[in-house]
Structures are given as structure tokens and as C-alpha cells.
Amino acid sequence: MLAIDDFINTDVIRRMADSLLMLLPSRAPISTTEWILTLVIIFIASAVIFTFSKRPRLVAMHKINFTSIPLLQKEKLSHDTNKYTFGLSTRNHVLGLPVGQHISLMFKDGEGKEVIRSYTPVNGDENYNDEQKAGTFSFVIKTYRPNERFPEGGKMSQYLDTLSPGDRVLMRGPKGHLAYLGHGTFTIKKNVRTPLETRSASKIGMIAGGTGITPMLQVIKAVLSEKSSVQLSLLYANQTEEDILCRSEIEALAKESGGRFKFHYTVDKKPKGNWAYSVGFISEEMIAENLFAKEPGSNNDVQTFMCGPPPMIKFACLPNLEKLGFGEKDLFTF
């Protein structure tokens with residue numbers, strides 16, 4: 001006669017079996033019918049427990065209507081940049097934000113006019129499985145003060161800088177043109193009139209400037225969280241070393257990536273002391289040395305993402321990428 005221990009391998013299931021067998025008439029040995037019946041009951045009970053113990057994912061955002069979201073924490077990252085952490089209704093709520101897309105924030109200025117700007121969270125739906133961060137998401141946003149070129153500065157960023165924990169902000173989403181699907185595959189829809197385009201890549205290069213790092217971080221974390229061979233390389237430009245946002249996170253991700261993710265910085269002003277990275281505007285040489293090459297005439301699956309100030313994209317990124325053989329189908333700008 002087979003023993004029930006031959007079929008039960010966990011302490012939990014064994015204890016369940018012992019409890020059930022105590023309900024059976026006390027006799028030995030246990031018949032085949034009895035232990036099969038016991039196993040069937042255990043498996044059904046386990047399935048029920050598993051199903052009802054799973055937390056439901058509730059989507060907090062609406063694509064058209066704005067939702068009022070409370071600010072939980074405001075953390076100063078640099079002289080002009082803050083990290084804003086917001087709270088969803090419950091720990092079971094998520095943004096429902098596809099990787100690569102963003103959220104629109106809105107407020108009304110002193111004249112009653114709506115001011116709407118879009119930002120990419122540096123974390124979001126991945127927090128669902130984090131005991132400490134579930135039900136929260138964060139933005140990293142630079143505050144643009146008034147200056148000679150822009151007398152009003154950034155209206156939304158200045159408004160957010162005035163907020164304190166407990167204040168609420170109107171948000172809606174998702175919105176955006178790119179959605180990362182996983183394992184190097186993503187879709188692009190530039191506007192409502194263009195068809196949905198699907199691309200795949202085994203290597204993704206990234207050029208970011210300032211707060212343009214946020215959508216890159218979203219994609220980087222998504223790629224590194226999956227079991228794939230997709231490789232990533234980031235070229236990140238800022239004015240000074242102090243302006244480098246999320247630096248510790250970038251370097252930690254690279255260290256833990258097993259060689260799948262590499263990064264390089266460039267700054268306008270050379271820092272004091274030792275500086276192992278570049279100084280100056282993004283150049284052809286800088287891209288060639290730090291991002292993945294596009295071999296002329298080949299069909300290798302290399303894609304390059306860009307996000308940053310328009311002058312950087314227009315005058316530094318696109319012309320130099322074109323010199324290196326990249327075409328429209330190889331590039332995407334957030």
C-alpha cells in the first residue's frame with residue numbers, strides 16, 4: 001500500500017491531509033480511495049485559497065476624466081528638482097500605465113485657465129508587489145523658474161513646487177506614443193491617423209537630457225525585470241554633476257544588471273576633482289563610443305530612444321545619429 005507521504009511534499013499540505021484523515025474511520029492501512037479523496041479535497045481547497053488570497057488590481061487612472069490624487073511625500077533631490085510621491089486609493093490600486101507612457105497633470109492658474117502638462121512616473125505599477133510602496137507612484141520633476149528667455153518659467157513645475165503633503169493634484173492617463181510590451185518588443189503610434197507600428201530590438205540605446213531620464217528609467221527597469229537578453233546603454237546629459245537625477249538608482253541598476261545595462265554621463269561644466277565621464281555637448285564620437293552601433297547596410301535590431309530639451313534632440317542627437325547610419329525606423333523620441 002502506498003503511503004500518503006509519497007504524494008505530499010509540503011508541510012502545509014501534509015498538515016491538511018493529517019487533519020482530513022482524522023475525520024476518516026480509524027483503521028489501517030489507508031485505502032487507495034481514501035488518500036485519493038483526501039488529495040482531491042486538498043487541491044480544491046488550495047485552489048480556492050490561492051484564488052481569494054490574490055489581491056485584485058484596481059486601475060486608478062481614467063484616460064479622459066481627471067482624478068484627484070493626494071501628495072504623500074515631497075523630497076528635494078537637488079537645488080531645482082523634487083521627487084513627488086502620490087498615493088492611490090488603496091494598496092490594490094495601480095496606475096494601469098503601459099511602460100513608456102505618461103500621465104497628464106492639471107491645475108487652474110490665477111485667471112482660471114487650465115494648465116496641463118505630462119510627466120512619466122519613475123515608478124508605478126511595479127510597486128504593486130512591493131510591501132512598502134504598494135499603492136504609490138512617484139515623479140521626478142525639475143522646477144523651471146522665470147528667466148529672461150521664459151519670463152513665466154514652467155507653470156506646472158512651479159505650481160507643484162508649492163505643494164505640501166496632503167495637497168491633491170488632478171491627473172489622467174495613460175497617454176503617449178510608445179508602449180513597451182516586453183522582451184525588446186514595443187509599439188509606436190505617432191498619431192490617430194498613423195497605423196500602429198511594432199518594432200523589436202535586442203539592443204536599445206538611450207539619450208536623455210535632464211528630466212528626460214524619467215521615461216528611460218521606466219523602460220530600463222521593465223527590461224531588467226524580465227528574463228531576456230535585451231541589452232541597454234544610456235548616454236545622459238546634464239549641465240553639472242549635481243544636476244544628474246536618480247544617479248544612485250541608475251548606477252545600482254547597472255551594477256545589478258549582470259552587464260545588460262551600461263551608462264555614461266556628460267556635463268556642460270567639468271566637475272572639480274576626478275571625473276570619469278565626458279564633458280561637453282552630445283557629439284557623434286560620444287554616441288559612437290557609448291551606444292550601440294548601427295552597421296551600414298545591415299538589418300541588426302538596434303533601436304535608440306531620446307528624451308530631453310528640443311534643442312538637444314534637434315541639434316545634437318538627430319544629426320549625429322544620422323551620421324552614424326540611423327534612420328527614422330531606428331529612432332524614437334518621447
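These notes cover the structure that comes with them. (Residues numbered from 1 in each chain as written. Predicted model: local features only at pLDDT ≥ 70, side-chain atom pairs only at ≥ 80, totals over all residues. Heavy atoms only, no water.)

Summarising burial for strand E5 (residues 102–108): six of the seven residues are buried, a large majority. Across four bridges, E5 lies against strand E8 (residues 168–175) in antiparallel orientation. Each bridged residue has a counterpart across the sheet, and for Ser104 the counterpart in E8 is Arg172. For E5 and strand E6 (residues 114–119), the ladder comprises six bridges, and the chain directions are antiparallel. Residue pairing across strands places Ile103 opposite Tyr119, the latter belonging to E6. Counting the residues in the hairpin turn of E5 and E6 gives five residues, including Gly112, whose phi is positive at 80°. (Buried < 20%, exposed > 50% of the residue type's maximum accessible area, 1.4 Å probe, protein only. Helix = DSSP H or I, 4+ residues; strand = E, 2+ residues; numbered from the N terminus. Pairing = 2+ DSSP bridges.)

Below, the discussion takes up the environment of Phe66. Its place among the elements puts Phe66 in the loop between strand E1 (58–59) and strand E2 (67–78). Between the C-alpha atoms of Phe66 and Met171, which are 105 residues apart in sequence, the distance is 5.0 Å. Setting aside chain neighbours within four positions, we find Phe66 in contact with Ser104, Met106, Ile116, Leu170, Met171 and Arg172. (Contact = heavy atoms within 4.5 Å.)

In space, the six strands of this open sheet follow the order E6-E5-E8-E2-E3-E7, with antiparallel pairing throughout. Each edge of the open sheet carries a strand with a single partner, namely E6 and strand E7 (136–142). On average, adjacent strands in this sheet sit at an angle of 40° to one another, irrespective of strand direction. Inspection of the sheet shows E2 paired to E8 by four bridges, in the antiparallel sense. Bridging from a neighbouring strand, Thr67 pairs with Met171 of E8. (Axes fitted to C-alpha atoms, helices over the stretch in contact; angles between N-to-C directions.)

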